[in-house]
Amino acid sequence: MLLQLLANGIITGLCYSLVALGFAMIYFTTKTFHFAHGSIYTLSVYLFFTFYNMANLPFPIAIFFSLSITAVIGILVDELIYVPLIKKKSSQSIQMLSSLGLYIVIVNFIAMIYGNETKVISPGIQPTYQIGSVILTRVQILTFIISLILSATFMIFLKLSKLGIMIRGMRDDPELLSIMGIPPRKIRWFVFSVGSVFAGVASILNGLDVGIDPNIGMLALLNGAVAVIIGGVGIFEGTFLGAVLLGTLQSLVIWKTSARWQNTITFLLLIILLLFRPQGILGKKQRVEESLQ
Amino acid sequence: MNYFFHILIMINIYMILALSLNIPVGYTGLLSLSHASFYGVGAYISTLLMMKLGIGFIPSLLFSIFGSVLLGLVISIPSLRLKGDYFMLSTLAFQIVTFTILYNWVSLTRGPYGIPGIPAPQFFGIIIDTIPSFLIFSSAVASICLYLLYILGKSPFGRLLKAIREDELSAMSLGKNTVKFKITSFAISAGFAAIPGVLFAGYMTYIDPTSFTLEESIFILSIIIIGGSGNFLGPVLGTIFMILLPEILRFLALPDSIIANMRQIIYGFLIILLLRFRPQGIKGEYKFQ
């Protein structure tokens, strides 16, 4: 039982890590608390639902279309919502509020078009596999492999490639980057499109597993944000670790109490972290204000 | 006629909510996403005291204000350390924790089943059990609250909160304990938010946790973003506008299933547009920056 819950928790955590890494990449480089990331998460899986279940396109083509549109929408959100606010020198709180406004708009559009009820993407009982005493569904195994590969590739890419180094440079000092002759706007496009695709992959995997409704994005985003805070703002490895830890912890909450208290525990953890260790588990001790500069 | 009275009662309830949130947001400059938790805790404390312990309306109203102030003190502790979006994130976390507790502590709050049959407000031999009488009662309560909040805004205390909003360092250098004032403003706001909670419970005679969600907090905050904050008129106009908006949509003969989403889409758009082009809202004083 414990092993089963641990396995479920780690797989959930890996799925969180995709949302969290996308969110983290955007948050660290642009300093924008991208609330609308949650609505992009929802939108992406609904696009997939439209192409795959309603238009009956083949699986790979539906994936390709929905993720491409997601990437474009990610860039559009940045250009239409955040860039004008940054030009106006609005604070991060205002960007966060605008993002919240956009979240409301997108999610309610989805609810208006598709309805509020839960929709199933892959009907029927999924084939399961037994590994030792642990039973996993096919989607869970798929989630495990894809999330692990994507997260690992992403972290290696950040460490080694030139663009990855630029992204880390933008995290540390955006102004210095433009002095070096690197246009921050191009990096913003990259960050928003790739971040959105990561959210899309996670939402489609999760949708295949448990179905979709218009409100799934909020909790996905908040779990991702909590993972970022657990790991420490500015540290990508920490975000990954935080997501896996969070998934495992939530699974253990089911073991000790019941699934109903998952959110209570998650957000109590967030409050405790914000109060006592705002730099996260891997972060160096510094003032919160500095870490946000 | 009762339909018209119903709208006026809702305006009364939300006006107290908006003007009480105006104190931390508009005066002190602390963006809070936990106002619905005070509203809900107010409603639940008074309801439970009246129904489980048989305490009268007025004492349970006072207890619920007291409980809400205590919760406000607990939530505002992060303001000692956190700024900007971190502060907002911590109020959001508290909002979700409060909601999940109301939702999951089934033995006390009956959780998702809600509490039906809440007794009508009753004091000094008067029972408020019809819609017209409830309109008079809620208007009286709202007038008292609005008057108190108006006085508070004009007082030296209100001016000091504005000073903290504009330039916290200057306020500190004048020897003011800004942390203490921030916490006080938050706690006062929480206390006032409990009153509409009690009104709501008595009016609806039924409460369940879904009235006090994060979405509700965002709605109350959007009232004062849209109406404007930092003065008295902004939140008042915001409330009237936001409560009338779905009724206007209904007159346009839109089906009910679309109205709920349509209303949210409109206010989401309004938040984005106002923050960008008119950060003081319709008639506010404080420009969100």
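Residues numbered from 1 in each chain as written. Chains lettered and ligands numbered in written order. Predicted model: local features only at pLDDT ≥ 70, side-chain atom pairs only at ≥ 80, totals over all residues.

1. Observations regarding the overall build of chain B
Looking only at helices and strands, chain B has 12 helices and 4 strands in total. For 289 residues, the compact-globule formula gives about 19 Å, and the C-alpha radius of gyration of chain B, at 19 Å, lands near that figure. For chain B, the spread of C-alpha atoms along the three principal axes comes to 55 × 45 × 35 Å. Contacts in chain B between residues far apart in sequence, at least 24 positions, make up 76% of those at least 6 positions apart. (Helix = DSSP H or I, 4+ residues; strand = E, 2+ residues; numbered from the N terminus. Rg over C-alpha atoms; globule rule 2.2 N^0.38 Å. Contact = placed C-beta atoms within 7 Å.)

2. Remarks on the overall build of chain A
Scanning chain A for helices and strands turns up 12 helices and 2 strands. When the helices and strands of chain A are placed in sequence order, the string is α-α-α-α-β-β-α-α-α-α-α-α-α-α. Counting only C-alpha atoms, chain A reaches 55 × 45 × 35 Å along its principal axes. Taken across its 293 residues, chain A has 49% of its residues classed as buried. The long-range fraction of contacts in chain A, counting pairs at least 24 apart against all pairs at least 6 apart in sequence, stands at 77%. (Buried ≥ 20, exposed ≤ 12 C-beta atoms within 10 Å, placed from the backbone.)

3. Description of helix α3 (residues 59-87) of chain A
The first and last C-alpha atoms of α3 of chain A sit 41 Å apart over 29 residues, in line with the 42 Å expected at 1.5 Å per residue. Lining the buried residues of α3 of chain A we find α1 (2-30), α2 (37-54), α4 (92-114) and α8 (184-210) of chain A together with α12 (256-277) of chain B. (Expected span 1.5 Å × (residues − 1).)

4. So, the interface of chain A and chain B
Between chain A and chain B, the contact holds 35 residues from the first and 32 residues from the second. Listing elements by their share of the side of chain A that touches chain B, those giving two or more residues are α3, α4, α11 (262-276) and α12 (288-292) of chain A. For the side of chain A that touches chain B, the element with the most residues is α4 of chain A, which contributes 15 residues. Per-class residue counts for the side of chain A that touches chain B are 24 nonpolar, 9 polar and 2 charged. (Nonpolar A, V, L, I, M, F, W, Y, C, P; charged D, E, K, R; others polar.)

5. Examining the packing of α3 of chain A against α8 of chain A
All names here are of chain A. Axis separation between α3 and α8 bottoms out at 8 Å; the angle between their running directions is 135°. Classed by the angle they form, the pair α3 and α8 counts as oblique. As α3 runs across α8, the sense of the crossing is right-handed. Facing α3, whose interface residues are I63, S66, L67, T70, A71, I73, G74, I75, V77 and D78, α8 presents R188, W189, F192, S193, G195, S196, V197, G200 and I204. Its residues placed into classes, the contact of α3 with α8 shows 10 nonpolar, 7 polar and 2 charged. (Axes fitted to C-alpha atoms, helices over the stretch in contact; angles between N-to-C directions. Parallel < 35°, antiparallel > 145°, perpendicular 65-115°, else oblique. Left-handed = near helix turned anticlockwise from the far one by under 90°.)

6. Describing the confidence of the model for chain B
Per-residue pLDDT for chain B averages 85, and the proportion of residues at 70 or more is 99%. For this predicted complex, the interface confidence comes out at an ipTM of 0.87, alongside a pTM of 0.89. (pLDDT = per-residue confidence, 0-100.)

7. Overview of helix α2 (residues 35-52) of chain B
Residue and element names in this part refer to chain B. For α2, which comprises 18 residues, the first-to-last C-alpha distance of 26 Å matches the rise-based estimate of 26 Å (1.5 Å per residue) to within 8%. Judged by how many residues are buried, α2 sits mostly within the fold: 16 of 18 residues are covered. Looking at the residues trailing α2, positive phi occurs at G54, about 70°.

8. Quick word on the pairing of strand β1 (residues 128-131) of chain A
All names here are of chain A. As paired elements, β1 and strand β2 (residues 134-137) share 4 bridges and run antiparallel to each other. By the bridge assignment, Q130 is partnered in β2 with I135. A loop of 2 residues connects β1 with β2, the two strands running antiparallel in sequence, and G132 in this loop sits at a positive phi of about 65°. (Pairing = 2+ DSSP bridges.)

9. Quick word on the packing of helix α5 (residues 138-160) of chain A against helix α6 (residues 162-172) of chain A
Residues and elements named next belong to chain A. The contact between α5 and α6 brings their axes to 5 Å, and the two run at 80°. Between α5 and α6, the interaxial angle falls into the category roughly perpendicular. Contacts from F157, L158, K159 and L160 of α5 reach α6 at G164, I167 and R168. Of the residues belonging to the contact of α5 with α6, the class tally is 4 nonpolar, 1 polar and 2 charged.

10. Examining the confidence of the model for chain A
When pLDDT is averaged along chain A, the result is 85, and 96% of the positions lie at 70 or above. Across chain A, α2 of chain A holds the top mean pLDDT of 92, while α12 of chain A sits lowest at 49.

11. Here we look at unusual backbone geometry
Of note in this structure, K31 of chain A is not a glycine but carries a positive phi near 65°. Tracing the backbone through its elements, the reader meets K31 of chain A in the loop between α1 and α2. By C-beta crowding, K31 of chain A is classed as partly exposed, having 18 other C-beta atoms within 10 Å. One non-glycine residue, T205 of chain B, adopts positive backbone phi at about 55°. One can find T205 of chain B in the loop between α9 (178-204) and β4 (206-207).

12. Things to note about the environment of G242 of chain A
All names here are of chain A. Within the fold, G242 resides in helix α10 (residues 236-256). With 29 C-beta atoms packed within 10 Å, G242 lands in the buried category. For the pair G242 and L14, spaced 228 residues apart in sequence, the C-alpha to C-alpha distance is 9.9 Å. Among all residues touching G242, those that are not within four sequence positions of it are A20, A227, V228, I230 and G231.

13. Let's talk about the environment of S76 of chain B
Residues and elements named next belong to chain B. With respect to the helices and strands, S76 occurs in helix α3 (residues 57-76). Residue classification places S76 among the buried residues on the basis of 26 C-beta atoms within 10 Å. Setting aside anything within four residues of it in sequence, one finds S76 in contact with K182, I183, F186 and A187.

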